[in-house]
Amino acid sequence: MSEPVLKVENINVYYGSIHAIKGISFEVYEGEIVTLIGANGAGKSTTLNTISGLLHPSTGSVAFLGDVLAKVPPHKIVERGLAQVPEGRRVFAQMTVQENLEMGAYTQTNNIDEDLAKVYELFPRLKERHSQTAGTLSGGEQQMLAMGRALMSRPKLLMLDEPSMGLAPILVEQIFDIIADLHKSGATILLVEQNAQMALSIASRGYVMETGRIVTTGTGKELLASEEVRKAYLGG
């Protein structure tokens, strides 16, 4: 098997005296959707923030495209091709849709117009609202904008943190359709999601997290069929 795009090895992360991540290891290969599922507080978002350099592990390592990311600042990690869509979207509310997208391209110097055209093709709603300020968009539109902004950096790995949070069911389906389309077009995706049913239905593989540990792993189909996972996360 080829080298993984992302390799997380035995990382431990503390918030002060709280041991938030307890020795987890996993990898993501090119062309996969890998999902981390688990209850609130399981450590999913902390894991993503550690990978993207916002938090630092006390032990263990994160390697991206074969290079260990120790002490690499977050903006340099983005330049290397790793983009995170944060929980809660965090769009620049006072700026227009187009300005938000252009901010996402700060690591790029060429073909920004071409990248914009691709994002507008993927998210026609954003094209319609390109001159509208981001703060006036609906929750679903802001999620699309946050994803579009991340895509403007041309990521080799796209990390999505709770993309369906706070959205109406019809919009959740729309966002997951878009994630599936991105995957079909060749994107490699690490997805953190509380909606385990939706996440596992599109994932190549999944890892189940509980209180900072990985407790179960398998293909999306295996985890969907697992009675334990169904009882704990799928309400079955």
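This text goes with the structure placed above it.
Structural notes, computed from the coordinates. (Residues numbered from 1 in each chain as written. Predicted model: local features only at pLDDT ≥ 70, side-chain atom pairs only at ≥ 80, totals over all residues. Heavy atoms only, no water.)

This part covers the packing of helix α6 (residues 139–151) against helix α7 (residues 169–184). Between α6 and α7, the shortest axis-to-axis distance is 10 Å and the interhelical angle comes to 15°. Relative to α7, the element α6 is oriented roughly parallel. For the pair α6 and α7, the sense of crossing is right-handed. Residues Gly 140, Gln 143, Met 144, Met 147 and Leu 151 of α6 form the contact with α7, whose own contacting residues are Leu 171, Gln 174, Ile 175, Ile 178, Ile 179 and Leu 182. When its residues are assigned to classes, the contact of α6 with α7 shows 8 nonpolar, 3 polar and no charged. (Axes fitted to C-alpha atoms, helices over the stretch in contact; angles between N-to-C directions. Helix = DSSP H or I, 4+ residues; strand = E, 2+ residues; numbered from the N terminus. Parallel < 35°, antiparallel > 145°, perpendicular 65-115°, else oblique. Left-handed = near helix turned anticlockwise from the far one by under 90°. Contact = heavy atoms within 4.5 Å. Nonpolar A, V, L, I, M, F, W, Y, C, P; charged D, E, K, R; others polar.)

So, about the sheet that holds strand β9 (residues 205–210). If you trace the 6 strands from one edge of the open sheet to the other, you get β6-β7-β8-β3-β9-β10, paired in mixed fashion. Each edge of the open sheet is held by one strand with a lone partner, namely β6 (82–85) and β10 (213–219). For this sheet, the mean inter-axis angle between neighbouring strands, taken without regard to orientation, is 15°. Alignment of strand β3 (residues 33–37) against β9, held across 4 bridges, turns out to be parallel. Within β9, the residue paired with Ile 37 across the bridge is Val 208. Contacts from α7 reach β3, β7 (157–161) and β8 (189–192) within the one sheet, and its direction differs from that of β8 by about 160°. (Pairing = 2+ DSSP bridges.)

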